[in-house]
Amino acid sequence: MQYARTRLRALVVAALAVAIAGTTATAAHAAPSTSDLTKQIKAMSDKLENITESYNAMNESLAKTAADERTLQASLKPAQAALVVAGKQVQALAATAYMSGRVGPVNVVLGGPDGLLDKMSYLDQLSRDRQRDIDTYTATTRNYGSRQSALKAAQGKQAAQLKVIAATKKDIESKLKALRAKRVAAYGHASEPATGHNLAVPAVSGKAGKAVAYAIAAFNRGATYLFATDGPTHYDCSGLTMASWRAAGVSLSHNARTQYYSLPHPKSPSAGDLVFYRGLQHVGIYIGGGRIIAATTDGEPLKNEPVNVSPIYGYGRPS
């Protein structure tokens, strides 16, 4: 009997040990490692930056639409004034014709041969004057109408762009929330702490030197990534390159793709050049020595990375 009890107790203990080991193995398999979470965060960050750059492109388009609308609004008033003047001229023409009666070739002939050439000349001049006034009125009316139509189209386009931008912003914010939750799971905090650096500014002359100095200063003070921003404490990737070259007096758009297509493309980079990645969805600024400064991941400080941190799409050289 004692042997049987001992044997039963041993079997129960063994079964529990197997069950616990199986549970532990399952839990270990289910919970991703810190390195796996880091990869997931990097992949999500890249996708998020793609959306951010699309958002920036829409903002650029919206700014142009708003500028077109202001131009049209400004031109509408003088066009309307010209229409009023042309309208009065046509009204005066109509009133004159009514009061004096229509002058035609028959009237000239019936008036006798005296001064026939003078009368024909007057008739021809009157016809040209009337036609000129009518043509002016017609052209002015069309001009005013086309500007009204263009303004209405610009306003409609702006409303549609605002709607898309609002939806995109909401989508980005939702993805940011998920990204931060993954960081908390991986590292215990939502973002890397912003720490200061003391990276030396290389000796680069001209405007490129000013752009490089700006980017390094932003890196040294621990500026962080935030979508759709261009400083001075937060930047997204194209916001950093735009702000860096703005400090040198050069205007760039707030979008990696449009920055690339607005610039000449050297075969190899010099300090101050822009370096483009991921099919023009990411950009950094080359500071020399095979390094770039770039804004990469939401909430994290700017990075000082090797220029070949990922496959390079191409270079752009502002001037």
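Residues numbered from 1 in each chain as written. Predicted model: local features only at pLDDT ≥ 70, side-chain atom pairs only at ≥ 80, totals over all residues. Heavy atoms only, no water.

**Remarks on the overall build of the protein**
So, point 1. On a plain count of helices and strands, the protein comes out with 7 helices and 7 strands.
So, point 2. Traced from its N-terminal end to its C-terminal end, the protein shows the element sequence α-α-α-α-α-β-β-α-α-β-β-β-β-β.
So, point 3. Here the protein holds 319 residues, and the buried ones make up 35% of them.
So, point 4. Looking at the protein alone, contacts between residues at least 24 apart form 66% of all its contacts between residues at least 6 apart. (Helix = DSSP H or I, 4+ residues; strand = E, 2+ residues; numbered from the N terminus. Buried < 20%, exposed > 50% of the residue type's maximum accessible area, 1.4 Å probe, protein only. Contact = heavy atoms within 4.5 Å.)

**Observations regarding helix H5 (residues 206–220)**
So, point 1. Compared with the 21 Å implied by 1.5 Å per residue over 15 residues, the 21 Å span of H5 between its first and last C-alpha is a close match.
So, point 2. Buried residues of H5: Ala208, Gly209, Ala211, Val212, Ala215, Ile216, Ala218, Phe219 and Asn220, and no others.
So, point 3. The elements touched by buried residues of H5 are strand E2 (234–235), helix H6 (237–246), strand E4 (282–288), strand E5 (291–294) and strand E6 (303–306). (Expected span 1.5 Å × (residues − 1).)

**Some points on the packing of aromatic side chains**
So, point 1. This structure, assessed with the given rule, holds 5 aromatic pairs.
So, point 2. With a centroid separation of 5.7 Å and an interplanar angle of 75°, the aromatic rings of Tyr55 and Phe227 are classed as edge-to-face. Of this pair, Tyr55 sits in helix H2 (residues 34–100) while Phe227 is found in the loop between strand E1 (224–225) and E2, placing the two residues 172 residues apart along the sequence.
So, point 3. The buried category is assigned to Tyr55, whose relative accessible area is 7%.
So, point 4. Note on Tyr260 and Tyr313: the rings are 5.4 Å apart at their centroids and 80° apart in plane angle, and the pair reads as edge-to-face. In this pair, Tyr260 is assigned in helix H7 (residues 256–261) and Tyr313 in strand E7 (residues 312–316), connecting sequence segments 53 residues apart.
So, point 5. Each member of the aromatic cluster is reached from another via a ring pair, and the members are Tyr260, Tyr261, Phe276 and Tyr313. (Phe/Tyr/Trp six-rings, centres within 6.5 Å; stacked < 30°, edge-to-face > 60°.)

**A short note on the pattern of salt bridges**
So, point 1. As enumerated under the stated definition, the model contains 4 salt bridges in all.
So, point 2. In this structure, Asp273 and Arg317 form a salt bridge, with 2.8 Å as the shortest nitrogen-oxygen distance. With Asp273 in the loop between H7 and strand E3 (274–277) and Arg317 in the segment after E7, this residue pair connects regions lying 44 residues apart in the sequence.
So, point 3. You can call Asp273 buried: its relative accessible area is 3%.
So, point 4. The exposure class assigned to Arg317 is partly exposed, which follows from its relative accessible area of 30%. (Salt bridge = Lys/Arg side-chain N within 4 Å of Asp/Glu carboxyl O.)

**So, H6**
So, point 1. Within H6, 9 of the 10 residues are buried, which leaves it mostly tucked inside the rest of the structure.
So, point 2. Along H6, the positions that sit buried rather than exposed are Cys237, Ser238, Gly239, Leu240, Thr241, Met242, Ala243, Ser244 and Trp245.

**Re the nonpolar core**
One recurring pattern in soluble globular proteins: nonpolar side chains tend to sit buried together.
So, point 1. Ranked by internal contacts, the top residues of the largest apolar core, which has 41 residues, are Tyr235, Trp245, Leu274, Ile293 and Leu302.
So, point 2. Of all the secondary structure elements, the ones that give two or more residues to this core are H2, helix H4 (116–187), H5, H6, H7, E3 and E4.
So, point 3. At 7 residues, the largest contribution of residues to this core is made by H5.
So, point 4. Leave out the neighbours within four places in its chain, and Leu274 touches Thr241, Trp245, Leu252, Gln259, Leu263, Val283, Gly284, Ile285, Gly314, Tyr315, Gly316 and Pro318.
So, point 5. One finds Tyr286, Ile292, Ala294 and Tyr315 within the second-largest nonpolar core, a separate group that totals 7 residues. (Core = buried A, V, L, I, M, F, W, Y, C linked by side-chain atoms within 4.5 Å.)

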